[in-house]
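Residues per chain are reported as follows:
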Amino acid sequence: MVNTDNFLSVSHLNISFNGNTVIKDLSFNIKKGTLTSFLGPSGSGKTTVLRAIAGLNQAFAGQITLDGQDITNLAPNQRNIGMIFQSYALFPNLTVFDNIAYGLRVQKKPKTEIEKAVTDMLAIIGLTDRRDYYPANLSGGQRQRVAIARSMVLEPKLLLLDEPLSALDAKTRVELRNQIKRYQQELGITMIFVTHDQTEAMAISDDVLIMSLGELEQQGSAMEIYTNPKTMFVADFIGNHNVLAATDLAMLGLGTDQPDGQYIIRPELLEHVMPANLNGYAPIEGQVVEMAVLGNRIEYSLKTATGHVVKAECMNQNINFTLNDEIKVYLKVAEIKKVG
Amino acid sequence: MKVQRVNKWRPQLVITLIAIFLLAPIVATFFYSISTVWVKTILPNGLTFKWYGVLTADPNFIPSVIRSLLLAIAVVIVTMVAFLPVIFYANVYNPKLKEKLRYLSILPYSIPGIVLVTGLVQLYGNVAVPKIIILILTISAICLPAFYQSLNNAFMGDDFRGMFEQAQLLGDSKVGAFIRVVLPNIRAGLMVGLLLTFAAAFTEYVITNIFLTGQYQTLKIYMYRLMNTNGNAASVLTIIFFLFLGVIALILIKLVSNQKRAKKE
């Protein structure tokens, strides 16, 4: 029986191009029915891994199994894996209907069945009235939905999305990413979503897989990765954390008995209102040397007497500070987390 | 605001002069082809369509047309089968190869035809392959620049690699994806390239004449031979040639303007 925990299993994947190793001994599992994000900066190898899973890049060492079947050496058209490209790759010579019907026609499904499946799909993506349009006459968001429908209509075992939102404006991005999450939950499709945007990854994923330079840095839920980064790279990439060494903590009066290593302090944990009970809290005093209004929040950079610059993020409420103010913020010492 | 008046007649005068310069020989040839006798007089002595009859009744005429057609069709097939996949591959998968192809496609322009033929005769003259096959391959290679350029333009703009791969992910085979997704989207560029290739192969003269030492009499060779024996009939043939190429040019113009309109939409 197939264990749903390793519905997709990639083991010891190694990929090199022209002698450069792009993916180094990468292994991970993906659970059935979940949405997993591959998160990492450009050049971290996310898309390369995705293409290997899809079978578009067959020059690699390692093994890939999907739903208990070894697919390592299967051609792309035999894997039952859908993929959404960054460019959407809609067929410009075909209408919306014909684009979505493409895969069903290749499978030589009966006409009535194709008509029904595509019509249903058009209703799901809300483009019933655009069925006879050509891709050139659609907006970016509509094209995106057609691309998703074209893959989903074949009910793939796995749907891969390669930075599918990067060409859209900020508002459409948020709308579409919520829609993708909804499709995923309603249809129960296992999805892998590649992105370099931390917020996007955390907002929609059940699981996040962080990559850097072809290696897996950490895999876990968004909360786990955000609050407990395992490596310095993750700590640095995932949020706007303060990263301090044990000696810095001691200088700031945040504990002297910490073992050597790097520690993170999340800026939103620094409170500028004095807690009712100071038990377990430590104050940090400093001068506001930089501030950025982020909308609902304000980020302050405080320069302490010891010369450290500490970032604090506060809700944008009535009590706001200005540059050069001497302020005091409070931190629950137990919230200081060691990296690793 | 003062609108600057553009002198309209000056560019038009230049265009008119060029048009007269280019059309005069064709008009003269046409009148020569329908003249009875036109020697030592300003105007022809009389008009007749006799030469059209003479030409089409010549037993060498139709076979020459057929030979030229066969040659051109063979070249088009070689171009389709051999060069189209290579240009697709270079454009979609291997841009480095594109650089090399660009260089290769300039070569036929930079080497004079006569040098090329001399080289061909020396290299392949004694090879045990029918010379006609070598001729077809050579003309295909010489026609490559026009075909290459038309297709290169066709591959610009759309994400053909993504489309080709997407079709495969949707269950199609490589060949199926190429036929159903790639070909329809380069149709206009492909047609332009093939028509240019066809026209160039149909009118090829230097290589065919020297390499096969005139044994394979194409329409163009027939035309040059006719000039020495019957000037009037030769001008009839010139007019027919002109009309034929004119039709191809019109189709090309139509294709290219349709393509532009489609891109705008």
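What counts and what doesn't
Residues numbered from 1 in each chain as written. Chains lettered and ligands numbered in written order. Predicted model: local features only at pLDDT ≥ 70, side-chain atom pairs only at ≥ 80, totals over all residues. Heavy atoms only, no water. Pairing = 2+ DSSP bridges. Helix = DSSP H or I, 4+ residues; strand = E, 2+ residues; numbered from the N terminus. Contact = heavy atoms within 4.5 Å. Axes fitted to C-alpha atoms, helices over the stretch in contact; angles between N-to-C directions. Buried area = accessible area lost by both parts, 1.4 Å probe. Salt bridge = Lys/Arg side-chain N within 4 Å of Asp/Glu carboxyl O. Polar contact = N/O pair within 3.5 Å; in protein donor to acceptor, adjacent residues only side chain to side chain. Phe/Tyr/Trp six-rings, centres within 6.5 Å; stacked < 30°, edge-to-face > 60°. Buried < 20%, exposed > 50% of the residue type's maximum accessible area, 1.4 Å probe, protein only. Lys NZ or Arg CZ within 6 Å of the ring centre and 35° of its normal. Parallel < 35°, antiparallel > 145°, perpendicular 65-115°, else oblique. Left-handed = near helix turned anticlockwise from the far one by under 90°. Nonpolar A, V, L, I, M, F, W, Y, C, P; charged D, E, K, R; others polar. Core = buried A, V, L, I, M, F, W, Y, C linked by side-chain atoms within 4.5 Å. UniProt positions renumbered as here; feature names shortened; annotations may be inferred.

### What to know about the sheet that holds strand S5 (residues 69-70) of chain A
Residue and element names in this part refer to chain A.
Argument step 1. If you trace the 4 strands from one edge of the open sheet to the other, you get S2-S1-S4-S5, paired in antiparallel fashion. Strand pairing shows two members of the sheet lacking a second neighbour, strand S2 (20-30) and S5, which therefore form its edges.
Argument step 2. Helix H1 (residues 46-54) rests against strand S1 (8-17), S2 and strand S4 (61-66) of the sheet, and its axis sits at about 115° to S1.

### Regarding the sheet that holds strand S10 (residues 215-220) of chain A
Strand pairing in a sheet relies on backbone hydrogen bonds. The paired strands run either parallel or antiparallel.
All names here are of chain A.
Argument step 1. The sheet built from 6 strands is open, its strands ordered S6-S7-S8-S3-S9-S10 with mixed pairing. At either margin of the open sheet sits one strand with a lone partner, and together these are strand S6 (81-84) and S10. Going across the sheet, the axis of each strand differs from the next one's by a mean of 20°, ignoring polarity.
Argument step 2. Relative to strand S7 (residues 158-162), S6 runs parallel, the two sharing 4 bridges. If you follow Ile-84 over to S7, its bridge partner there is Leu-161.
Argument step 3. Where helix H4 (residues 140-152) meets the sheet, its contacts fall on S6 and S7, and the angle it forms with S6 comes to roughly 170°.
Argument step 4. Each of strand S3 (35-39), S7 and strand S8 (190-195) touches helix H5 (residues 170-187); the most contacted strand, S8, lies at about 160° to it.

### Thoughts on the interface of chain B and chain A
Argument step 1. In this assembly, 21 residues from chain B lie in contact with 23 residues from chain A.
Argument step 2. Contact between chain B and chain A buries roughly 1800 Å² in total, counting both sides, with carbon and sulfur atoms accounting for 57%.
Argument step 3. If you look at where chain B meets chain A, you find 1 salt bridge.
Argument step 4. Residue Glu-165 of chain B pairs with Arg-51 of chain A through a salt bridge whose shortest N-O separation is 2.6 Å.
Argument step 5. Seen at the junction of chain B and chain A, the total is 6 residue pairs in polar contact (both at pLDDT 80 or more).
Argument step 6. When residues of the side of chain B that touches chain A are traced back to their parent elements, those giving at least two are helix H7 (160-169) and helix H8 (174-185) of chain B.

### Digging into the packing of aromatic side chains
Aromatic ring pairs are defined here through the distance separating the ring centres and the angle between the ring planes.
Argument step 1. Taken as a whole and assessed by the stated rule, the structure comprises 17 aromatic pairs over all chains.
Argument step 2. Measuring from ring centre to ring centre gives 5.6 Å for Phe-30 of chain B and Phe-31 of chain B, while their planes differ by 65°; the resulting arrangement is edge-to-face.
Argument step 3. A relative accessible area of 31% means that Phe-30 of chain B is categorised as partly exposed.
Argument step 4. Between Tyr-93 of chain B and Phe-164 of chain B, the aromatic rings sit 6.4 Å apart at their centres with planes inclined by 80°, giving edge-to-face as the arrangement. Of the two residues, Tyr-93 of chain B is situated in the loop between helix H3 (61-92) and helix H4 (95-110) and Phe-164 of chain B in helix H7; the sequence distance between them amounts to 71 residues.
Argument step 5. Judged by relative accessible area, Phe-164 of chain B falls into the buried class, the value being 6%.
Argument step 6. Three or more aromatic residues joined by ring pairs make a cluster, and in this case those are Phe-88, Tyr-89, Tyr-93, Phe-155, Phe-160, Phe-164 and Phe-178 of chain B.
Argument step 7. Sitting over the face of the ring of Phe-91 of chain A, Arg-150 of chain A holds its NZ or CZ atom 4.5 Å from the ring centroid.
Argument step 8. Sitting above the plane of the Phe-241 of chain B ring, Lys-220 of chain B keeps its charged end 5.9 Å from the centroid.

### Some points on the packing of helix H2 (residues 96-106) of chain A against helix H3 (residues 111-125) of chain A
Residues and elements named next belong to chain A.
Argument step 1. One can describe the packing of H2 onto H3 by two numbers: an axis separation of 10 Å at closest approach and a directional angle of 130°. Taken together, the axis directions place H2 and H3 in an arrangement best described as oblique. H3 is crossed by H2, and the crossing has right-handed handedness. In this structure, H2 contributes Val-96, Phe-97, Ile-100, Ala-101, Leu-104 and Arg-105 to the contact, and H3 contributes Ile-114, Glu-115, Ala-117, Val-118, Thr-119, Met-121, Leu-122 and Ile-125.
Argument step 2. Looking at the contact of H2 with H3 residue by residue, the class counts come to 11 nonpolar, 1 polar and 2 charged.

### Comments concerning the nonpolar core
Argument step 1. Leu-8, Phe-28, Phe-38, Ile-53 and Ile-100 of chain A are the most contacted members of the largest nonpolar core, which totals 131 residues.
Argument step 2. Of the residues forming this core, the biggest block, 12 residues, is contributed by H3 of chain B.
Argument step 3. Among all residues touching Ile-100 of chain A, those that are not within four sequence positions of it are Val-118, Met-121, Leu-122, Ile-125, Val-146, Ala-149, Arg-150 and Val-153 of chain A.

### A short note on the UniProt feature "domain: ABC transmembrane type-1" (unreviewed entry) in chain B
Argument step 1. Following the UniProt record, one finds the feature "domain: ABC transmembrane type-1" (unreviewed entry) at residues 65-252 of chain B.
Argument step 2. Secondary structure within residues 65-252 of chain B divides into 84% helix and 0% strand; the distance between the first and last C-alpha atoms comes to 22 Å.

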